[in-house]
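So the chains spell out like this:
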Amino acid sequence: AAFTVILSGGAAPLSYQWQRNNVNLSNNARFSGVNTPTLSINSAQKVDAGQYRCIVSNPAGSATTESKQLR
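Residues numbered from 1 in each chain as written. Predicted model: local features only at pLDDT ≥ 70, side-chain atom pairs only at ≥ 80, totals over all residues. Heavy atoms only, no water.

1. Details of the sheet that holds strand 4 (residues 31–32)
Okay, step 1: The three strands lie next to each other as 1-5-4, forming an open sheet whose pairing is antiparallel. Every interior strand has two partners, whereas the edge strands, strand 1 (2–4) and strand 4, have only one. (Pairing = 2+ DSSP bridges. Helix = DSSP H or I, 4+ residues; strand = E, 2+ residues; numbered from the N terminus.)

Next comes the structure, spelled out in structure tokens:
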């Protein structure tokens with residue numbers, strides 16, 4: 001499974017933080033790209049179900065994407 005955020009109008013430098021159920025994710029064997037525009041979930045399992053969102057930040061502030069459900 002994968003989620004991608006597309007940003008328009010944001011000024012560099014941009015930073016990304018993906019979350020599941022409002023908790024920051026870390027790169028590990030199953031999650032990769034937690035600080036990039038695309039989050040990949042390797043061999044997604046039922047335990048990975050939940051609400052996913054991304055917080056995109058730059059020196060001017062941050063914006064949070066709408067949460068999307070992975071079932």
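2. A look at the nonpolar core
Okay, step 1: Residues Phe3, Trp18, Leu25, Phe31, Leu39 and Tyr52 are the most contacted members of the largest nonpolar core, which totals 13 residues.
Okay, step 2: Only strand 2 (15–20), strand 5 (38–41) and strand 6 (50–58) provide two or more residues apiece to this core.
Okay, step 3: With three residues, the top contributor of residues to this core is strand 6.
Okay, step 4: Setting aside chain neighbours within four positions, we find Phe3 in contact with Trp18, Pro37, Thr38, Leu39, Ile41, Tyr52, Lys68 and Leu70. (Core = buried A, V, L, I, M, F, W, Y, C linked by side-chain atoms within 4.5 Å. Buried < 20%, exposed > 50% of the residue type's maximum accessible area, 1.4 Å probe, protein only. Contact = heavy atoms within 4.5 Å.)

3. Looking at the pattern of salt bridges
Opposite charge on two side chains permits pairing when their charged atoms draw close.
Okay, step 1: Tallying each qualifying case throughout the model produces three salt bridges.
Okay, step 2: When the shortest N-O distance is used, the salt bridge between Arg20 and Asp48 registers 3.6 Å. A residue pair is termed long-range when its members are at least 10 positions apart, and Arg20 in strand 2 and Asp48 in the loop between strand 5 and strand 6 qualify at 28 residues.
Okay, step 3: Taking the relative accessible area as the measure of exposure, Arg20 reaches 23% and is therefore partly exposed.
Okay, step 4: The partner of Arg30 in a salt bridge is Asp48, and the shortest N-O contact between them spans 2.2 Å. Taken as a pair, Arg30 in the loop between strand 3 (23–24) and strand 4 and Asp48 in the loop between strand 5 and strand 6 lie far apart in primary sequence, 18 residues in all.
Okay, step 5: Under the relative-accessibility criterion, Asp48 is labelled buried at 0%. (Salt bridge = Lys/Arg side-chain N within 4 Å of Asp/Glu carboxyl O.)

4. Here we look at the packing of aromatic side chains
Pairs of aromatic rings are described using the distance from one ring centre to the other and the angle between the two planes.
Okay, step 1: Scanning all chains against the criterion turns up two aromatic pairs.
Okay, step 2: Measuring from centroid to centroid gives 6.2 Å for Phe3 and Trp18, while their planes differ by 35°, and the two rings are tilted. Of this pair, Phe3 sits in strand 1 while Trp18 sits in strand 2, and the two are 15 residues apart along the sequence. Trp18 carries the same exposure label as Phe3, and that label is buried.
Okay, step 3: With centroids separated by 5.0 Å and ring planes inclined at 20°, the aromatic side chains of Phe3 and Tyr52 adopt a geometry described as stacked. With Phe3 in strand 1 and Tyr52 in strand 6, the pair connects residues that are 49 residues apart, well separated along the chain. The exposure classification of Phe3 matches that of Tyr52, with both residues buried.
Okay, step 4: Ring-pair connections join several aromatic residues into one group, and the members of that group are Phe3, Trp18 and Tyr52. (Phe/Tyr/Trp six-rings, centres within 6.5 Å; stacked < 30°, edge-to-face > 60°.)

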